[in-house]
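Survey of secondary and tertiary structure
Chain residues, written in single-letter form:
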Amino acid sequence: MDILLVTSAFNSLSQRVHAELSDLGHRVDVVLARQDPEAVRHAVRDHRPELIVAPMLRTALPEDVWRRHTCLIVHPGPLGDRGPAALDWAIAGQAEQWGVTVLQAEAAMDAGAVWASEPFEVAPVGKSDLYRNEVADAALTAVHQAVRRYADGSYKPRPQSDPAIHRQVVWRDAFRQERRRIDWTADDTATVLRKLRGADSQPGVLDELLGREVFLHGGHPEDELRGEPGELLATRAGGVCRATRDGAVWIPELRPRKGSGDPAPFRRPATDVLAGLDLPERPAPLELPAGRRTWTDIGYRQHGDVGLLHFSLPGGAMSTDHCRRLLAAYRYALGRPTRVLVLGGRRDFFSNGIHLNVIEAAADPAEESWANLGAMDDLVEAVLRTTDRLVVAALGGNAAAGGAMLALAADEVWCRSGAVLNPHYRRMGLYGSEFWTYSLPRRVGADTARRLTEEARPVSAATAARTGLVDRLVPVPAQGFTAEVERLAAALADDSAGLARRIAAKAAARRADEEERPLAAYRADELARMRALFFDPGAAYHALRSAFVRKVPGGAR
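These remarks concern the structure in this document.

About the thresholds
Residues numbered from 1 in each chain as written. Predicted model: local features only at pLDDT ≥ 70, side-chain atom pairs only at ≥ 80, totals over all residues. Heavy atoms only, no water. Helix = DSSP H or I, 4+ residues; strand = E, 2+ residues; numbered from the N terminus. Buried < 20%, exposed > 50% of the residue type's maximum accessible area, 1.4 Å probe, protein only. Contact = heavy atoms within 4.5 Å. Areas by Shrake-Rupley, 256 points an atom, 1.4 Å probe, with all protein chains shown as cover. Salt bridge = Lys/Arg side-chain N within 4 Å of Asp/Glu carboxyl O. Core = buried A, V, L, I, M, F, W, Y, C linked by side-chain atoms within 4.5 Å. Pairing = 2+ DSSP bridges. Axes fitted to C-alpha atoms, helices over the stretch in contact; angles between N-to-C directions. Parallel < 35°, antiparallel > 145°, perpendicular 65-115°, else oblique. Nonpolar A, V, L, I, M, F, W, Y, C, P; charged D, E, K, R; others polar. Phe/Tyr/Trp six-rings, centres within 6.5 Å; stacked < 30°, edge-to-face > 60°. Lys NZ or Arg CZ within 6 Å of the ring centre and 35° of its normal.

A few words now on the overall build of the protein. Along the backbone of the protein there are 20 helices and 25 strands. The dimensions of the protein, computed from C-alpha atoms along their principal axes, are 65 × 60 × 50 Å. Scored against the burial criterion, the 557 residues of the protein give a buried share of 56%. Partitioning the intrachain contacts of the protein with sequence separation of at least 6 by distance along the chain shows that 69% fall at a separation of at least 24. Working note: accessible area of the protein is about 23,400 Å², and carbon and sulfur atoms make up 49% of it.

Written as structure tokens, this is what we have:
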């Protein structure tokens, strides 16, 4: 069918819907729904879709569109749920099970007939992580079912006047900041964490720190540090630790309130926002003792011949500091006696490449772009030059741009079946680096590499496996990904003879490739193109980056 996606942003869920419906042979187009409904009307007239699907919508569809066309709305709430903040209420209410419902658009919000619904268990994670994983898995199951039912032509969607649905109908209002506000003297740690996790990506929790109004983003428990409720206790990896009445929490990111005078009113590491903070730095050891509950964005564990280097960075963005610390951790892992080294292996984002927010906030964004890219290249090159063991990149979630190329530097790429890859740089106006001109054609061939980078479309995990971007699909729920990766890595290490042959072959292939064309040559060519873009004030990259970071309509999607 010809399907038009109408979405307020081409976010992770919209990309996954686009990729998976395209995999099924549907012709899928996208229009971004802004405040002006004319863009949607024009897209409908131009594409003449057989079906309209709205994976994520903050504004109402034009009435003339939904009256003339079947429009399916993906609502992140169970049957009968209505309102604009379904997931916020689920987390605040400590729901154990929630759902996704695909509804037909009509005048009243979320009141249309039901085409499909799918339940899911609510994992104890932040809202954005939950949205990209359990919610997205349930949403795709429901969308696929709704599209099949529509194509079949015989299915009659269930009106919400149906008694089985009507008795479950409940309207939930917008979840406003007064409900999110933390009372540091009264709220216990569990309550503070629930409030922080319910707003981790958007909108954050409005608070005051050092006399400034800021939004708090993300929250993790701390089991040793203590202080007066609300007191800032320490820093770690850009985050700050703040005391609660019965413990403490780590907050990785802050966002200055617009109008506060801060020229960079967007999310970035907490210590960047609170510049000059005089607090003790508490680096977390790479290998945490058993039983400790504290936050670290990079860690290492070892089971026999398998080393597991995990990292979890907000939004998947890797700043210069992130890259340098991860490279130091990678070198530490290489010093351990293992034969298989797993990179990643956690749920949610693997990596999305350089940290555009930190770059945008820098005194000299061009210089910071250059430093960030150099640090990212150093990390990727270290992976490419590892010849004494097998390296596996384990993608529990999405990867894009330089983050996707970091994964391709490994010997094997394992990918959770719900992940989406964007192996390109075009939407940020960049040529790209991270040795993509070596790694990508080596895996998929020159023609496919050219198509992936020029078309700049999201790629489903299934298509990534078919094209050679991914070596193994891991079809498990997000909660089970880490354990399954560890099981697969252990099985790989158990085949000692086969593993030895593969490691020897890999070392020989690296020597042959180096003789044909050194990695340094790939790096130099890529960086020459990137430097020209970074230091050209008129390059599209600067405007696209600023629009993306500041969420300006019309920026790169």
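With that settled, consider the pattern of salt bridges. All told, the structure shown has 44 salt bridges when counted by the stated rule. Taking the shortest distance from any N to any O, the salt bridge between Arg443 and Asp471 comes out at 2.7 Å. Placement of Arg443 in helix H14 (residues 436–444) and of Asp471 in the loop between helix H16 (461–467) and strand S25 (472–474) is noted, with a sequence separation of 28 residues between them. The network of salt bridges with shared partners includes Asp377, Asp378, Glu381, Arg385, Arg510, Glu514 and Arg523.

Within the largest apolar cluster, 66 residues are counted, with the highest numbers of intra-cluster contacts made by Leu309, Leu395, Leu406, Leu440 and Leu469. If you tally residues by element for this core, the top one is helix H12 (residues 365–384), at eight residues. If sequence neighbours within four positions are ignored, Leu395 has contacts with Phe350, Ala407, Val413, Trp414, Cys415, Arg416, Leu421 and Phe481. One finds Val102, Ala123, Ala142 and Val147 within the second-largest nonpolar core, a separate group that totals 39 residues.

Inspection of the secondary structure puts Trp295 in the loop between helix H9 (270–273) and strand S17 (298–303). For Trp295, a relative accessible area of 6% puts it in the buried group. When sequence neighbours within four positions are dropped, the list of residues in contact with Trp295 reads His220, Pro221, Arg236, Ala237, Gly239, Trp250, Pro252 and Ala284.

Spatial ordering of the open sheet is given by S2-S1-S3-S4-S6-S7, a layout of six strands whose pairing is mixed. Each having just a single partner strand, strand S2 (27–32) and strand S7 (114–121) make up the two edges of the open sheet. For this sheet, the mean inter-axis angle between neighbouring strands, taken without regard to orientation, is 20°. Judged from the four bridges that link them, strand S4 (residues 71–75) and strand S6 (residues 97–104) form a sheet pairing that is antiparallel. Counted as the bridge partner of Val74 is Val102 from S6. Its contacts with the sheet place helix H1 (residues 12–23) against strand S1 (2–7), S2 and S4, and it is angled at close to 175° to S1.

Moving on: the packing of H14 against helix H19 (residues 519–534). How two helices pack is summed up by the angle between their axes together with the distance between the axes. Contact geometry for H14 and H19: axes closest at 8 Å, N-to-C directions at 115°. Between H14 and H19, the angle is such that the two are roughly perpendicular. Taking contact as the criterion, the partners of Trp436, Thr437 and Tyr438 in H14 are, on H19, Leu519, Tyr522 and Glu526. Grouping the constituent residues of the contact of H14 with H19 by class yields four nonpolar, one polar and one charged.

A few words now on the packing of aromatic side chains. Counted under the stated rule, the structure contains ten aromatic pairs. Among the aromatic residues, those joined into a ring-pair cluster are Trp115, Tyr150 and Tyr155. Residue placement shows Arg472 over the ring face of Trp414; its charged tip is 5.2 Å from the ring centre. Lying over the aromatic face of Tyr431, Arg529 brings its terminal NZ or CZ to 4.3 Å of the ring centre.

We now examine the sheet that holds strand S14 (residues 248–251). If you trace the four strands from one edge of the open sheet to the other, you get S11-S14-S13-S12, paired in antiparallel fashion. Looking at strand neighbours, the two that pair on one side only are strand S11 (220–222) and strand S12 (232–236), the edges of this open sheet. Along the sheet, successive strands turn relative to each other by an average axial angle of 30°, direction set aside. Summarising the sheet, strand S13 (residues 239–243) and S14 pair through four bridges and their orientation is antiparallel. Bridging from a neighbouring strand, Cys241 pairs with Trp250 of S14. Set on the sheet, helix H8 (residues 189–197) makes contact with S11 and S14; between it and S14 the angle comes to about 20°.

Here the residue pair Gln202 and Pro203 is connected by a cis peptide bond, since its omega of 0° sits within 30 degrees of zero. Here Pro203 is to be found in the loop between H8 and strand S9 (205–209). For Arg48, which is not a glycine, the phi torsion comes out positive at approximately 45°. Residue position: Arg48 is located in the loop between helix H2 (38–47) and strand S3 (51–54). What makes Arg48 exposed here is its relative accessible area of 68%. One non-glycine residue, Gln94, lies in positive phi territory at about 55°.

Nothing here speaks to function; it is all geometry.
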